[in-house]
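What follows is each chain in one-letter form.
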Amino acid sequence: MRAWKVAAGVLAGVAIGAAARARRGSVPQPLRGRVLTVTTPDGVRLAVEVDSPESPSYAVVFAHGWVLNRHSWHFQREALAGRAMLVSYDQRGHGDSTAGPPDCCTIEQLGEDLHTVISAVVPSELPVVVVGHSMGGMTVMGLAAAHPELFGSRIVGAALVSTSSGRLGESTFGLPGVFGRLAPRVTPRVMSALRDPLITPVTTLPLTRYMAFGPRAEHLRFVNRMVAATPAAVMAGFFHGMVAHDKLAALSALSEVPTLVMVGAHDRLTPLVHSHRIAEALPSARLVVVPGAGHMLALERPSVVGAELSALLERCRPES
């Protein structure tokens, strides 16, 4: 076990000396919406932030990715401000939300949390567009699996950004040769070791840069702060939840609504093959591959993501 504790520390980041040479990026100032708390049926308190014009025609609900928080949608909230009711929230165990019991770190639970947020915050007369990045995209799929009847009725559009419908246990994280072949076996054991309360992972800029970004690491410090603020047990729990995730069949519900699928060409966490698999299951979806971008697509290419979301909203616009 001691060896795995050491390995966990290494995986979480030991290149401290190189951090000073990494490209930092900027840290956007937080946007200020109306903050409220939504309590789930199992007692978890979710931090929710709402930006809304006086009389919106529809709502956009943002679900963020693994080890991030609602502020990762900063630029998309700016781009869509005034166009719709914008709802962003911290997934359980992330940001300002409480975690709940360890056995709730599943995509199925996150799907139910999304359902709870929509039901509690969005007025029943407003149609909803759901937007998910990484684990947030899986959250949308979890919602589709449990509540397919919502798609085409309450939910009128979806965006799946840098995400996967399953088979993440095969990931090599872009590592070459023997390291890539070992990654699917070693990484789950390292993540299990992170559940040990005696381990405090150190998240460094070089590790975040490699895993999350393409050649241009925009807003590296911003992302690193979100990652470092996520408790190790939550990080490990949802890693295993994502590996267990398999929602390819659930994608059929999204065929009822306009769907956008986006991925960076240099994504190491959810590589191109995962978005291609989603697009094959949803032939009517718009697939956008962004050259030169990695996993943090909404921060690396905010104008591209903003433009695509704007176009999606036009396709989802309620008839007058």
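Located above this text is the structure these notes cover.
Residues numbered from 1 in each chain as written. Predicted model: local features only at pLDDT ≥ 70, side-chain atom pairs only at ≥ 80, totals over all residues. Heavy atoms only, no water.

**Points about the overall build of the protein**
Helix and strand counts for the protein stand at twelve helices and eight strands. Among the 320 residues that make up the protein, the fraction classed as buried is 55%. Residue pairs in contact within the protein that sit at least 24 positions apart in sequence constitute 81% of those at least 6 positions apart. Carbon and sulfur atoms make up 57% of the accessible area of the protein, which totals about 13,300 Å². (Helix = DSSP H or I, 4+ residues; strand = E, 2+ residues; numbered from the N terminus. Buried < 20%, exposed > 50% of the residue type's maximum accessible area, 1.4 Å probe, protein only. Contact = heavy atoms within 4.5 Å. Areas by Shrake-Rupley, 256 points an atom, 1.4 Å probe, with all protein chains shown as cover.)

**What about the sheet that holds strand β6 (residues 155-161)?**
The strand order across the open sheet built from eight strands is β1-β2-β4-β3-β5-β6-β7-β8, with neighbouring strands paired in mixed fashion. Unpaired on one side and paired on the other, β1 (34-39) and β8 (286-290) mark the two borders of the sheet. Direction aside, neighbouring strands of the sheet carry axes that sit 20 degrees apart on average. Sheet topology places β6 next to strand β7 (residues 259-264); four bridges connect them, and they run parallel. Looking at the pairing, Ala159 lines up with Leu260 of β7. Strand contacts of helix α12 (residues 302-316): β3 (59-63), β5 (128-133), β6, β7 and β8, with the helix running at about 170 degrees to β7, the strand carrying the most contacts. (Pairing = 2+ DSSP bridges. Axes fitted to C-alpha atoms, helices over the stretch in contact; angles between N-to-C directions.)

**Points about the pattern of salt bridges**
Applying the stated criterion to the full structure yields 13 salt bridges. Among the salt bridges present, the one from Lys247 reaches Glu108, with a minimum N-O distance of 2.5 Å. Taken together, the residues span a long stretch of sequence, with Lys247 in the loop between α9 (232-244) and β7 and Glu108 in helix α4 (residues 107-121) at a distance of 139 residues. Residue Glu218 pairs with Arg216 through a salt bridge whose shortest N-O separation is 3.6 Å. Residues joined by salt bridges that share partners form a network here, namely Glu49, Asp51, Arg70, Arg77, Asp90 and Asp96. (Salt bridge = Lys/Arg side-chain N within 4 Å of Asp/Glu carboxyl O.)

**Let's talk about the packing of α4 against helix α5 (residues 135-146)**
Helix packing for two helices is described by the angle between their axes and how far apart those axes are. Axis separation between α4 and α5 bottoms out at 7 Å; the angle between their running directions is 80 degrees. With respect to α5, the axis of α4 lies roughly perpendicular. Note on element contacts: α5 touches α4 through Met135, Met138, Thr139, Val140, Gly142, Leu143 and Ala146, opposite Ile107, Leu110, Gly111, Glu112, Leu114, His115 and Ile118. (Parallel < 35°, antiparallel > 145°, perpendicular 65-115°, else oblique.)

**A word on the pairing of strand β2 (residues 45-51)**
With six of seven residues buried, β2 is to be regarded as a mostly interior element. Examined bridge by bridge, β1 and β2 share six bridges and lie antiparallel to one another. Its bridge partner being in β2, Val35 is matched across the sheet by Glu49. Between β1 and β2, which pair antiparallel in sequence order, lie five residues; one of them, Gly43, sits at a positive phi of approximately 90 degrees. Relative to strand β4 (residues 85-89), β2 runs antiparallel, the two being bridged by four bridges. Looking across to β4, one finds that Glu49 is bridged to Ser88.

**Some details on the pairing of β6**
Burial analysis of β6 places seven of its seven residues in the buried class, which makes it a mostly covered element. Looking at chain direction, β5 and β6 are connected through six bridges and run parallel. Bridged to His133 within β6 is Val161.

**Describing the nonpolar core**
One finds Val87, Val130 and Phe151 to be the most contacted residues of the largest nonpolar core, which totals 37 residues. Broken down by secondary-structure element, the contributors of at least two residues to this core are β2, β3, β4, α4, β5, α5 and β6. Ignoring anything within four residues of it in the chain, the contact list for Phe151 reads Val130, Val140, Leu143, Ala144, Ala253, Leu254, Glu256 and Val257. If you look at the next biggest cluster of nonpolar residues, it comprises 28 residues, including Ile107, Met226, Val227 and Phe239. (Core = buried A, V, L, I, M, F, W, Y, C linked by side-chain atoms within 4.5 Å.)

**Focus on the environment of Val130**
Relative to the elements of secondary structure, Val130 occurs in strand β5. For the pair Val130 and Val61, spaced 69 residues apart in sequence, the C-alpha separation works out to 5.0 Å. If near-sequence neighbours (up to four positions away) are discounted, Val130 is found in contact with Val61, Leu114, Ile118, Val140, Phe151, Ile155, Gly157, Ala158 and Ala159.

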